[in-house]
Amino acid sequence: MAVLSRTLLVITTYNQSKYTRLCFESLKTIEKDVDVLVVDDCSTDNTVELCKEYGHEVITKPEGMGLTDSWNRGYYEFKQRWFANESGMDDNYDYLILANNDILIPNGSITELKKTFQKWPFSLVVPTSTAYGVGHNVEQSILNYYNGLSVDNPNDYQNIQNAIFNIKDELKKSNNVYQLDPTRMKMFNGFFFMMNRNIINYQHSDKELFEPKYIMTKNEDEFNWAKLIPNDDFAALCKTSFVFHYKGVSTFDVFENYGKISNDVPEWKKQRELRGG
């Protein structure tokens, strides 16, 4: 019997447990072939206890080291579990997702991303989100591809994904489903992105996928421009996948002048210490 491929969903956290709880609630209905791993950046609230409450494995740190460190730890766990678990068995993780904690994932969204990998030769695929949720990368906004959808209410995240499925079915009937084919992108937003095993070809080191000097920002952009695009392996937008992103609550509400200090290590750590973390 063939072994079904699995996905490792790595959620990065630093405080903001209210949004982490909302995220965990959404995970109750996602696909069964997805395993959840939380990498916590030394939260000072009840985030770690919340992970245990929901039964999610969590990796903790003795001190805050930033988002890129969390991404790299998630990548290393993906590699380790891909090759062999503690019992010497292959966990068969074909896919890795790195995601913020301020998201809501509807059922079916991850499957659509996986279908994109199975049909097209991409190494990294991202979903759509709201115009606010995608921030500077407006190409990821769901409103570019679907007219008349009301998408700004987080309570509707599953209804939005269901509406996409209905539209997809109608386009199939008229032989127009090609309109929803993925788009190659010059940039992508790092709140949620999915990769397949081919990503190992672009790793920074044996234990790191991303350049560690960018501790909070620029990590996805630098990776994209330095690794993917020069190899004609652009990030792809899956237009049939939707993830709701609250945006900003996991970073901008935590630090003052976030954009200026995010990669200034001394100032970044000072801001953390002022907040008890």
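Residues numbered from 1 in each chain as written. Predicted model: local features only at pLDDT ≥ 70, side-chain atom pairs only at ≥ 80, totals over all residues. Heavy atoms only, no water.

J.: I'm lost on the state of the cysteines in this one. Help?
T.: By definition, a disulfide links two cysteine residues through a covalent bond between their sulfur atoms. Applying the stated criterion to the full structure yields zero disulfides. You can see C23 has no disulfide; the closest cysteine sulfur is in C51, sitting 9.7 Å from it. (Disulfide = S-S within 2.5 Å.)

J.: Just to check I follow, could you spell out the confidence of the model for the protein chain for this structure?
T.: As a note on interpretation, predicted positions should not be read in detail where pLDDT is low. Confidence in the prediction of the protein chain, expressed as mean pLDDT, is 87, and 84% of residues score 70 or more. Every residue in residues 271-277 scores below 50 in pLDDT, and together they form 17 contacts with partners more than four places removed in sequence or on other chains. (pLDDT = per-residue confidence, 0-100. Contact = heavy atoms within 4.5 Å.)

J.: Help me out: how do you make sense of the side chain of D41 in this one?
T.: Position of D41 among the secondary structure elements: in the loop between β2 (34-40) and α2 (47-54). D41 sits in the buried class, given a relative accessible area of 4%. A distance of 2.9 Å separates polar atoms of two side chains, one belonging to D41 and the other to K61. (Helix = DSSP H or I, 4+ residues; strand = E, 2+ residues; numbered from the N terminus. Buried < 20%, exposed > 50% of the residue type's maximum accessible area, 1.4 Å probe, protein only. Polar contact = N/O pair within 3.5 Å; in protein donor to acceptor, adjacent residues only side chain to side chain.)

J.: Just checking my understanding: could you explain unusual backbone geometry for this structure?
T.: Most peptide bonds take the trans configuration, and most residues that are not glycine carry a negative phi. Phi angles above zero are rare outside glycine, and Q16 is one such case at about 55°. Mapped onto the elements of the fold, Q16 is located in the loop between β1 (6-13) and α1 (17-27). With a phi angle near 55°, D232 is a residue other than glycine that sits in the positive phi range. When you line up the elements, D232 lands in the loop between α7 (219-228) and β9 (235-242).

J.: What is the right way to look at the side chain of E220 in this model?
T.: Note that E220 resides in helix α7. K247 provides the closest opposite charge to the buried, salt-bridge-free E220, at an N-O distance of 8.5 Å. Among residues more than four places away in sequence, those in contact with E220 are W71, F188, N189 and G190. (Lys, Arg positive; Asp, Glu negative; His and termini not counted. Salt bridge = Lys/Arg side-chain N within 4 Å of Asp/Glu carboxyl O.)

J.: For this particular structure, what's the right way to read the pattern of salt bridges?
T.: Applying the stated criterion across every chain, the model contains 15 salt bridges. D69 is the partner of R73 in a salt bridge, and the nearest nitrogen-oxygen pair spans 2.7 Å. Linking R73 with D69, this pair stays in helix α3 (residues 67-83), spanning four residues, or about one helical turn. Classification of D69 by relative accessible area gives buried; the value is 18%. Across the pair D232 and R184 runs a salt bridge, and its minimum N-O distance is 3.0 Å. Linking D232 in the loop between α7 and β9 with R184 in strand β7 (residues 183-185), this pair joins segments that are 48 residues apart in sequence. Put simply, D41, K61, D69 and R73 are held in one network by salt bridges that share partners.

J.: Can you help me understand the packing of α1 against α2 in this one?
T.: Each packed pair of helices is defined by two parameters, the angle between the axes and the distance between the axes. Direction vectors running N to C along α1 and α2 enclose 15°, while the axes themselves pass 10 Å from each other. Looking at the two axes, α1 sits roughly parallel to α2. For the element pair α1 and α2, the recorded crossing hand is right-handed. Where α1 abuts α2, its residues S17, T20, R21, F24 and E25 lie against T47, L50, C51, E53 and Y54. Broken down by class, the residue content of the contact of α1 with α2 amounts to four nonpolar, three polar and three charged. (Axes fitted to C-alpha atoms, helices over the stretch in contact; angles between N-to-C directions. Parallel < 35°, antiparallel > 145°, perpendicular 65-115°, else oblique. Left-handed = near helix turned anticlockwise from the far one by under 90°. Nonpolar A, V, L, I, M, F, W, Y, C, P; charged D, E, K, R; others polar.)

J.: What is the right way to look at the packing of helix α4 (residues 109-119) against helix α6 (residues 157-173) in this model?
T.: At a minimum axis distance of 10 Å, the contact between α4 and α6 shows a crossing angle of 45°. The angle between α4 and α6 places the two elements in the oblique class. Mapping the contact onto sequence places S109, E112 and K115 in α4 and Q161, F165 and K168 in α6. The residue makeup of the contact of α4 with α6, split by class, is one nonpolar, two polar and three charged.

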